[in-house]
Amino acid sequence: MATEQVLPFSVASMVEDVLQKHSTRSSDMGLASRKAEETSLRRYEAAGWLRRAVGVGGGKELPAEPTEEEFRLGLRSGKILCYVLNKVQPGAVPKVVEGPCDSLVIPDGAALSAFQYFENVRNFLVAVEELGLPTFEASDLEQGGKSARIVNCVLAIKSYSEWKEGGGNGSWKPGANLKAPVCVKSFVRKNSEPFMNSFSRASSLNERSLQSLSGDLSSYNDIGHDINEAGSSRSLNMLVREVLSNKKQEEIPIIVESMLNKVMEEFNRRLESQNEQMKTTAKDMAESGPDDSLSKTSSDDIKVEEKSGMQYKEEESNDRKYDLDEGSKSLLLKQHMFVEQQQRDILELKHILHSTKAGMQFLQAKYQEEFNNLGKHLYGLAHAASGYQRVLEENRKLYNQVQDLKGNIRVYCRVRPFLPGQPNRSSSVDHIEEGNISIIAPLKYSREGKKSFTFNKVFGPSATQEEVFSDTQPLIRSVLDGYNVCIFAYGQTGSGKTYTMSGPKELTEEGQGVNYRALGDLFLLSEQRKDTICYDISVQMLEIYNEQVKDLLVSDGVNKRYPSRR
Ligand SMILES: Nc1ncnc2c1ncn2[C@@H]1O[C@H](COP(=O)(O)OP(=O)(O)OP(=O)(O)O)[C@@H](O)[C@H]1O
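Residues numbered from 1 in each chain as written. Predicted model: local features only at pLDDT ≥ 70, side-chain atom pairs only at ≥ 80, totals over all residues.

**A word on the overall build of the protein chain**
Then comes step 1: Counting its regular elements, the protein chain contains 18 helices and eight strands.
Then comes step 2: Taking all 566 residues of the protein chain together, the buried fraction comes to 20%.
Then comes step 3: When contacts within the protein chain are restricted to residue pairs at least 6 apart in sequence, those whose partners lie at least 24 apart make up 61%. (Helix = DSSP H or I, 4+ residues; strand = E, 2+ residues; numbered from the N terminus. Buried ≥ 20, exposed ≤ 12 C-beta atoms within 10 Å, placed from the backbone. Contact = placed C-beta atoms within 7 Å.)

Rendered as structure tokens:
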């Protein structure tokens, strides 16, 4: 039947799956642990040999004693398998696709290059099949729990390698450690059976081994025909033996019947799903039009078949029919591989989407947490700022209270030094203290011959401009806190009023008087407070002389006279 011949899954592997499930359920714990131990040892042997074969550097992706998962992940890219096979049989895999990051073990489910995976593993499986060694399915490297078949395949290559190293006499026979020595044909490539090797390997050994297993398993022979497809009957045989080993004679028919029912159920289920897939693919292909490359490949295959058909001239009509079947089978197989590839890509995309979604959720949660923390910080800062403002206000009040206590009206006295060129007569100043000055006075005005005056402070002839301003400076801050302040100089002509308020004619930084220094402080303080308070500063200069007020800052050269009030 054509449907049976193009089954994309191995019927044997399916039967094995069902039996393994049954075996797992029914066998006792001792048997299971022995089996697990044996499986592990075989896996270690396979891994060790692979590591030795590719060298220590090349085998870094594969631990010496790997778990089943590590073993599968290490071989998933197909590179190690291809390297080893090429070493055993040079040129078996013409091209090995390198991965982008050789040093990393690709985690399960990670987005492996589909091309790399497909090319390496497929080429390896085709080459192994051409050598007549037991193979496995590409999907065994994708999902866990199927490493036994991969181990089997590796050990078969090992055995084959040893046979070759020993001279390669006669035909190769599988080694003793090979659990499923399925294919015992000689290593001659048969071009007339591309892709169909596994289906046409009708090994009488399989049937014989199954028949000899139990007389009650006669119905098993019907399936045995299909089991030949993948050639793992020996492991099936073992499994059946394990399942039945500890059962009573009368229980066996019931168990066998239940197993067969399960096998048939699984078989029908897989067949149905495959048929559905085929229908969908065929429909898609019909909608998208004929694929040139597939048609070309198909015709190429037909040509190959025609060539091989020359060997059977007497059955020309049968050959033609066979070629057509082969062509359509090859086409269907390619379609199936294409669909499988698409499904793998979709799975990868789903996985990427899932991990991206998880990443986004993680970032969202992190940002949310950071925002919350920021909010808390801001709240704390606002609280501290309001506290700071309160303290500042308090400080201002206290400061101005101190200025008030010092006196709202302060009077200072400054004694001008003798000017250069001035006749150096004796000074009338007798004595100067902190706030007192004694002046020598004629006897007619004072009995003691001197008079004392008290001020807030008295500055002697040697006092600098800076010292004079330092007593006035605190009042400038009061101006910016909203207090009215007036500073003026009073005295007779030539006593030094202009010098004290503005400075000498040749103005230097040290010579700057009260006006310049007060304005300097005003600008400095307003700059310091610019983030909280905005100040407007303006200057006006007036002269009051002979009861007339003049604006000294007008630019037209004529002093503007303010109208005097009468
Ligand atoms: N403390 C001082 N040190 C050195 N020189 C001074 C001092 N005070 C005043 N003088 C000098 O004395 C001279 C007279 O001073 P100033 O012009 O300031 O007097 P005034 O009181 O403004 O006079 P007027 O009322 O006529 O304007 C100037 O040459 C000035 O440089």
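Next comes the rest of the description.
**Considering the UniProt feature "binding site: ATP" (unreviewed entry) in the protein chain**
Then comes step 1: The feature "binding site: ATP" (unreviewed entry), as given by UniProt, occupies Gly491, Gln492, Thr493, Gly494, Ser495, Gly496, Lys497 and Thr498 in the numbering adopted here.
Then comes step 2: Turning to its location among the elements, Gly491 is positioned in the loop between helix 16 (473-480) and helix 17 (497-501).
Then comes step 3: When the 12 C-beta atoms within 10 Å are taken as the criterion, Gly491 is described as exposed.
Then comes step 4: Along the polypeptide, Gln492 turns up in the loop between helix 16 and helix 17.
Then comes step 5: Residue Gln492 is classed as exposed on the basis of its C-beta count, with 7 C-beta atoms lying within 10 Å. (UniProt positions renumbered as here; feature names shortened; annotations may be inferred.)

**Let's talk about the pairing of strand 2 (residues 429-432)**
Then comes step 1: In this sheet, strand 3 (residues 436-440) lies alongside strand 2 in antiparallel orientation, the contact comprising three bridges. When the bridges of strand 3 are listed, Ile432 appears paired with Ile437.
Then comes step 2: What sits between strand 2 and strand 3 in their antiparallel hairpin is a turn of three residues. (Pairing = 2+ DSSP bridges.)

**A look at the sheet that holds strand 3**
Then comes step 1: If you trace the three strands from one edge of the open sheet to the other, you get 2-3-4, paired in antiparallel fashion. With partners counted over all chains shown, the strands left at the sheet margins are strand 2 and strand 4 (450-454), one partner each. Looking at each pair of strands side by side, their axes are set apart by 20° on average, direction ignored. (Axes fitted to C-alpha atoms, helices over the stretch in contact; angles between N-to-C directions.)

**Concerning helix 5 (residues 79-88)**
Then comes step 1: The element helix 5 is largely enclosed, with a buried count of seven among its ten residues.
Then comes step 2: Of all the residues in helix 5, the buried ones are Lys79, Ile80, Leu81, Cys82, Tyr83, Val84 and Leu85.

**Considerations on the nonpolar core**
Then comes step 1: Membership of the largest hydrophobic core comes to 32 residues, with the highest contact counts inside it found for Leu85 and Phe124.
Then comes step 2: Secondary structure elements with two or more residues in this core: helix 3 (29-54), helix 4 (68-75), helix 5, helix 6 (114-130) and helix 7 (147-165).
Then comes step 3: Top contributing element to this core by residue count: helix 7, with nine residues.
Then comes step 4: With sequence-adjacent residues up to four places away left out, Phe124 is seen in contact with Gly78, Leu81, Cys82, Leu85 and Val93. (Core = buried A, V, L, I, M, F, W, Y, C linked by C-beta atoms within 7 Å.)

**Some details on unusual backbone geometry**
Then comes step 1: The phi angle at Asn546 is positive, at roughly 50°, despite the residue not being glycine.
Then comes step 2: In this structure, Asn546 sits in the loop between strand 6 (542-545) and strand 7 (548-551).
Then comes step 3: A residue is classified by how many C-beta atoms lie within 10 Å of it, and Asn546, with 4 of them, is exposed.
Then comes step 4: With phi around 60°, Glu547 is a residue other than glycine that occupies positive phi space.
Then comes step 5: With respect to the secondary-structure elements, Glu547 resides in the loop between strand 6 and strand 7.

**Side note on the site of the ligand**
Then comes step 1: Close to the ligand lie Arg416, Pro417, Leu419, Gly491, Thr493, Gly494, Ser495, Gly496, Lys497, Thr498, Tyr499 and Pro504.
Then comes step 2: Each residue belonging to the shell around the ligand can be placed in one class, and the counts come to four nonpolar, six polar and two charged. (Near = placed C-beta within 6 Å. Nonpolar A, V, L, I, M, F, W, Y, C, P; charged D, E, K, R; others polar.)

**As for the confidence of the model for the protein chain**
Atom-level detail of predicted coordinates should not be read off regions where pLDDT is low.
Then comes step 1: Per-residue confidence for the protein chain gives a mean pLDDT of 75, with 66% of residues at or over 70.
Then comes step 2: Scored below 50 in pLDDT, residues 179-232 shows 96 contacts in the model against residues more than four places distant or in partner chains.
Then comes step 3: Both scores are available for the predicted complex, with the pTM at 0.38 and the ipTM at 0.98. (pLDDT = per-residue confidence, 0-100.)

**Some thoughts on the environment of Gly511**
Then comes step 1: Following the sequence through the fold, Gly511 ends up in the loop between helix 17 and helix 18 (514-528).
Then comes step 2: The partly exposed category is assigned to Gly511, around which 16 C-beta atoms lie within 10 Å.
Then comes step 3: With twelve residues separating them in the primary sequence, Gly511 and Tyr499 have C-alpha atoms 8.6 Å apart.

**Side note on the packing of helix 5 against helix 7**
Then comes step 1: Following both chains from N to C, one finds helix 5 and helix 7 inclined at 20°, their axes separated by 10 Å at the closest point. Judged on the interaxial angle alone, helix 7 and helix 5 are roughly parallel. For the crossing formed where helix 5 meets helix 7, the hand is left-handed. Contacts between helix 5 and helix 7 involve Val84, Leu85 and Val88 from the former and Ile157, Tyr160, Ser161 and Lys164 from the latter. (Parallel < 35°, antiparallel > 145°, perpendicular 65-115°, else oblique. Left-handed = near helix turned anticlockwise from the far one by under 90°.)

**Thoughts on the packing of helix 16 against helix 18**
Then comes step 1: The geometry of helix 16 relative to helix 18 is characterised by a closest axis approach of 10 Å and an angle of 45° between their N-to-C directions. The orientation of helix 16 with respect to helix 18, classified from their angle, is oblique. Crossing geometry of helix 16 relative to helix 18 is assigned as right-handed. Of the residues in helix 18, those in contact with Gln473, Ile476, Arg477, Val479 and Leu480 of helix 16 are Ala518, Asp521, Leu522, Leu525 and Ser526.
Then comes step 2: Of the residues in the contact of helix 16 with helix 18, the class split is six nonpolar, two polar and two charged.

**Some words on the environment of Arg517**
Then comes step 1: Here Arg517 shows up in helix 18.
Then comes step 2: Along the backbone, Arg517 and Glu466 are 51 residues apart, and their C-alpha atoms lie at a distance of 8.7 Å.

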